[in-house]
Amino acid sequence: MDIDSLKLVYFSPTRTTQEVVENIAEGMQVDGVEQYNFTTPEMETLEYEEVTSGLAIIGSPVYGGRLPLEAVHRFQRLRANDIPVVVVVVYGNREYEDALLELKNLAEELGFKPVAGGAFIGEHSFSSNDIPIAKGRPDLADVKKAQEFGKKIRGLLYSINSISNLSPLQLPGNFPYKEWRESSQAAPFTDETLCTKCGICVTVCPTGSITLNDAVQTDPDTCIRCCACIKYCPPQALYFSDPRMKRIAEWLYTNCSERKEPELYISSKV
Ligand SMILES: Cc1cc2nc3c(=O)[nH]c(=O)nc-3n(C[C@H](O)[C@H](O)[C@H](O)COP(=O)(O)O)c2cc1C
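Keep in mind that what you see is a predicted model, and the values were worked out from it rather than measured.

A count of helical and extended segments in the protein chain gives seven helices and twelve strands. Relative to its length of 270 residues, the protein chain is compact, with a C-alpha radius of gyration of 19 Å against a globular reference of 18 Å. Dimensions along the principal axes, computed over C-alpha positions, put the protein chain at roughly 60 × 40 × 35 Å. Counting across all 270 residues of the protein chain, residues that qualify as buried make up 53%.

Put into structure tokens, the structure is as follows:
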């Protein structure tokens, strides 16, 4: 079957998921790539969007072994009509647990036909120079794997007449899914002596939780602790003052430093 267009759908506050999705797309070499970046808060109110042709890649980070609720809510604005999809999760070198299965099941509910799935590793949102966790990932080796994965999926799709020629995609994970547990209710704190009030934190926050008036303020009730504001703050004025967040990062550093590799799954021909 021919792939005439490619839709890249993702939620990616610190952009590792976006990078992986774009590299899978690169390997597919399809003209007509459309981006559906669901990271920005405006996407909460997007009109329902019908996907009626081509191939889609849907990518999400893993939060607590699951999909972030915001990603699920935003992806639910899509409707598809038996469109083949590649489901991708990106995790910070701990575990992805039920997230990939959850994304596959969600994609099916929306009307997509999952043909391949991948769990890739991205630098952990809680990683810093002092406490590095999966620092620099996806790296060159990950990028190469993502591109080769895209190429392989393209080869598979071009070798069949219809997606009904493919076996159902089998992915690891459990249902019922792992219960969602919040890591902490902390929100990043702004060091006023460093803050230049440039407003970058406001623009990168996926939940619109940051306001900038006389000072930068973050609403802990809507903050999802994605760390985009911390990562993209030029003078590094934002940080978690809550000691529990540091303890989580230290635990991850101690227990999840051994390099994990992408795990890739692809349907076979029947
Ligand atoms: C609240 C929260 C929970 C997370 N939970 C997990 C997890 O369960 N397992 C894991 O390996 N990484 C976890 N991570 C790390 C992210 O999955 C990882 O950094 C990912 O690359 C972020 O994607 P993004 O760059 O597209 O935002 C978590 C990150 C955050 C912010």
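Next comes the rest of the write-up.
This paragraph deals with the environment of K113. With respect to the helices and strands, K113 occurs in strand β7 (residues 112-121). On a C-alpha basis, the gap between K113 and P84 in space is 4.6 Å, while along the polypeptide they are 29 residues apart. With residues near it in sequence (within four places) discarded, K113 still touches D82, I83, P84, V85 and I163.

So, about helix α7 (residues 243-255). Since there are 3.6 residues in each turn of an α-helix, residues three or four apart along the chain are aligned in direction. Given a rise of 1.5 Å per residue, 13 residues ought to cover 18 Å, and the 18 Å separating the end C-alpha atoms of α7 matches this to within 8%. For α7, every residue scored as buried is listed here: M245, A249 and L252. The arc that holds the buried residues of α7, viewed along the axis, is 60°, so those residues lie on one side. The exposed residues of α7 that point more than 90 degrees off its buried face are P243, K246, R247 and T254.

This part is about the site of the ligand. Around the ligand, the structure places 25 residues, and the nearest of them are S12, T14, T16, T17 and V62. One of the side-chain N or O atoms of S12 is found 2.6 Å from an oxygen atom in the ligand. Between the ligand and P13, the relevant distance is 3.3 Å, taken from an oxygen atom to a main-chain nitrogen or oxygen of the residue. For the ligand, whose free accessible area comes to 650 Å², the fraction covered by protein is 96%. Looking at the shell around the ligand, the elements that each hand over two or more residues are α1 (16-28) and β6 (83-91). Among the residues forming the shell around the ligand, the class breakdown is nine nonpolar, eleven polar and five charged.

With the rule as written, the count across this model stands at 17 salt bridges. Across the pair E34 and K7 runs a salt bridge, and its minimum N-O distance is 4.0 Å. Here the residue E34 occupies a position in strand β2 (residues 33-37), and K7 occupies one in strand β1 (residues 6-10), the gap between them amounting to 27 residues. Here E34 falls in the partly exposed class, since its relative accessible area comes to 38%.

Bringing the pairing of β6 into the picture now. Of all nine residues that make up β6, nine are buried, and the element is covered over most of its length. Residues I83, V85, V87, V89 and Y91 of β6 are buried on one face, and the alternating residues P84, V86, V88 and V90, pointing to the opposite face, are buried as well. Relative to β7, β6 runs parallel, the two sharing nine bridges. Bridge assignment links Y91 to a residue of β7, and that residue is I121. Handedness of the crossover joining β6 and β7 through helix α3 (residues 99-109): right-handed.

Moving on, we come to the packing of aromatic side chains. The final tally for this structure, using the stated rule, is six aromatic pairs. Each member of the aromatic cluster is reached from another via a ring pair, and the members are Y36, F38 and F75. Above the plane of the ring of Y232 lies R15, whose end atom (NZ or CZ) is 4.2 Å from the centre.

What counts as what
Residues numbered from 1 in each chain as written. Predicted model: local features only at pLDDT ≥ 70, side-chain atom pairs only at ≥ 80, totals over all residues. Heavy atoms only, no water. Helix = DSSP H or I, 4+ residues; strand = E, 2+ residues; numbered from the N terminus. Rg over C-alpha atoms; globule rule 2.2 N^0.38 Å. Buried < 20%, exposed > 50% of the residue type's maximum accessible area, 1.4 Å probe, protein only. Contact = heavy atoms within 4.5 Å. Expected span 1.5 Å × (residues − 1). Arc of directions from axis to C-beta. Near = heavy atom within 4 Å. Polar contact = N/O pair within 3.5 Å; in protein donor to acceptor, adjacent residues only side chain to side chain. Areas by Shrake-Rupley, 256 points an atom, 1.4 Å probe, with all protein chains shown as cover. Nonpolar A, V, L, I, M, F, W, Y, C, P; charged D, E, K, R; others polar. Salt bridge = Lys/Arg side-chain N within 4 Å of Asp/Glu carboxyl O. Pairing = 2+ DSSP bridges. Right-handed = clockwise from strand over helix to strand, strands pointing away. Phe/Tyr/Trp six-rings, centres within 6.5 Å; stacked < 30°, edge-to-face > 60°. Lys NZ or Arg CZ within 6 Å of the ring centre and 35° of its normal.

So, to be careful, I would describe these as geometric facts and stop short of saying anything about function.
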